[in-house]
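# Remarks on the overall topology
In case you want the letters, here they are:
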Amino acid sequence: MLIVMKAHATEEQVRSVCQKIESLGLRAHSIPGTQRTAIGITGNEMELDAGTFDEMAGVQEVIRVSKPYKLVSRDVKEEDTVINFPGTDASFGGDEVAIIAGPCAIESREQALTTAERVARAGAKFFRGGAYKPRTSPYSFQGLAEDGLKILAEVRDRFGLLIVTEAIDNESLDLVEKYADVIQIGARNMQNFSLLKRAGKARKPVLLKRGMSATLDEFLMAAEYVMSEGNYEVILCERGVRTFADHTRNTLDLSVVPAVHRLSHLPILVDPSHGTGKRNKVTPLSRAAVAVGSDGLIVEVHNDPDRALSDGMQSLYPDQFDLLMSEVRQIAAVLHRELTPVAAVAR
Ligand code: PEP
Ligand code: MN
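Residues numbered from 1 in each chain as written. Chains lettered and ligands numbered in written order. Predicted model: local features only at pLDDT ≥ 70, side-chain atom pairs only at ≥ 80, totals over all residues. Heavy atoms only, no water.

## Looking at the coordination of the manganese ion (ligand 2)
- Within the protein, the atoms that donate to the manganese ion (ligand 2) are Cys104 (SG), His274 (NE2), Glu300 (OE) and Asp311 (OD), at distances of 2.0 to 2.4 Å.
- Read in sequence order, the donor residues coordinating the manganese ion (ligand 2) give the pattern C-x169-H-x25-E-x10-D. Taken together, the positions of His274 in helix 9 (residues 272-276) and Glu300 in strand 14 (residues 296-300) put the pair 26 residues apart, joining distant regions of the chain. The same class applies to His274 and to Glu300, which are both buried. (Donors = N, O, S within 2.8 Å, 3.2 Å for Na, K, Ca; no water. Helix = DSSP H or I, 4+ residues; strand = E, 2+ residues; numbered from the N terminus. Buried < 20%, exposed > 50% of the residue type's maximum accessible area, 1.4 Å probe, protein only.)

Here it is as structure tokens:
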């Protein structure tokens, strides 16, 4: 159920509706919009009667939300969610096409700093790199854990890049929350519900990747898990799904971008690296992703991809990333969206 408050409802009126909801053992999610505040109700609503709220001061209308996801839905919030980072001009979901770039995994201080210097110079505002890697084989490189997070913190200090890195379980999430600016939940964990709930209690934005066989509803329900715990800063990410195609590692489902924009106010990014698994397809699919309306890209870039400990085949050389940025910048301009202007990039 969703309670839409009148445009001029007072904070006090919003508060009393929330208190009423909580007194019934449910959770109230007050979501301010430009026109009015909406209050989403989660929990067991079986017994709830619209009449309980209809007559309360400041209430405009009570709507039954028929979709399984509520807080994620445009019914609750009509305008796009924009996620800002205080003290910086970086954002997700606004006019800017956000660019996250960096290696698959943090392998060493030198590798991270060398790559970071290049992606910062090319105009990326976010740096990626796994300190905890969910690998298919237990014998593959598993990441540097907290030492990797410390290297990422150094990258932020040196280059002003915001840090995006993956948490693979509740313990790593505690540490990722401490060191990073954005907590990544990987495709393999998209339906790890206890991890999603823990991410929902975190006070940092969550980048949620689509599971490799997840439908759009399942993807949105995973985001709902995070939001239902009170963390409303969720960024979705399409990273390719499993199909019969064998010319790529996954099939990048770009049609999910307008589908998400239609149903949800949350930003959605595209990952052309895992989405194709092939270096030569990363730039073409990045161009397509921006053209289809993606709110940003997450791209693997490595200073020496041939010696990378993970995903070298899909990692761009820094020079290729420069080219990607200049091409994508031109496409963004056609759509009246921004990417860091070239002038601002030169340091
Ligand atoms: C990654 O971003 O390095 C990663 C493991 O991605 P995904 O969860 O999409 O496979
Ligand atoms: Mn990877």
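Once the structure has been displayed, the description carries forward.
## Re the sheet that holds strand 2 (residues 27-32)
- Spatial strand order, 2-3-1-4: four strands in an open sheet with antiparallel pairing. The two strands at the open ends of the sheet, each matched to only one other strand, are strand 2 and strand 4 (59-63). Averaged over all adjacent pairs, the angle separating strand axes in this sheet is 20°, with direction ignored.
- Relative to strand 3 (residues 37-42), strand 2 runs antiparallel, the two being bridged by six bridges. Looking across to strand 3, one finds that His29 is bridged to Gly40.
- Against the sheet, helix 1 (residues 11-23) contacts strand 1 (2-5), strand 2, strand 3 and strand 4, and its axis sits at roughly 155° relative to strand 2. (Pairing = 2+ DSSP bridges. Axes fitted to C-alpha atoms, helices over the stretch in contact; angles between N-to-C directions. Contact = heavy atoms within 4.5 Å.)

## Observations concerning the pattern of salt bridges
- Under the defined criterion, the tally for this structure stands at 22 salt bridges.
- When the shortest N-O distance is used, the salt bridge between Glu12 and Arg15 registers 2.8 Å. With Glu12 and Arg15 both in helix 1 and three residues apart, this pair spans about one turn of that helix.
- The exposure class assigned to Arg15 is partly exposed, which follows from its relative accessible area of 40%.
- A salt bridge links Asp271 to Lys209; its shortest N-O distance comes to 2.7 Å. Placement of Asp271 in the loop between strand 13 (268-270) and helix 9 and of Lys209 in strand 11 (residues 206-209) is noted, with a sequence separation of 62 residues between them.
- Assessed through its relative accessible area of 0%, Asp271 is described here as buried. (Salt bridge = Lys/Arg side-chain N within 4 Å of Asp/Glu carboxyl O.)

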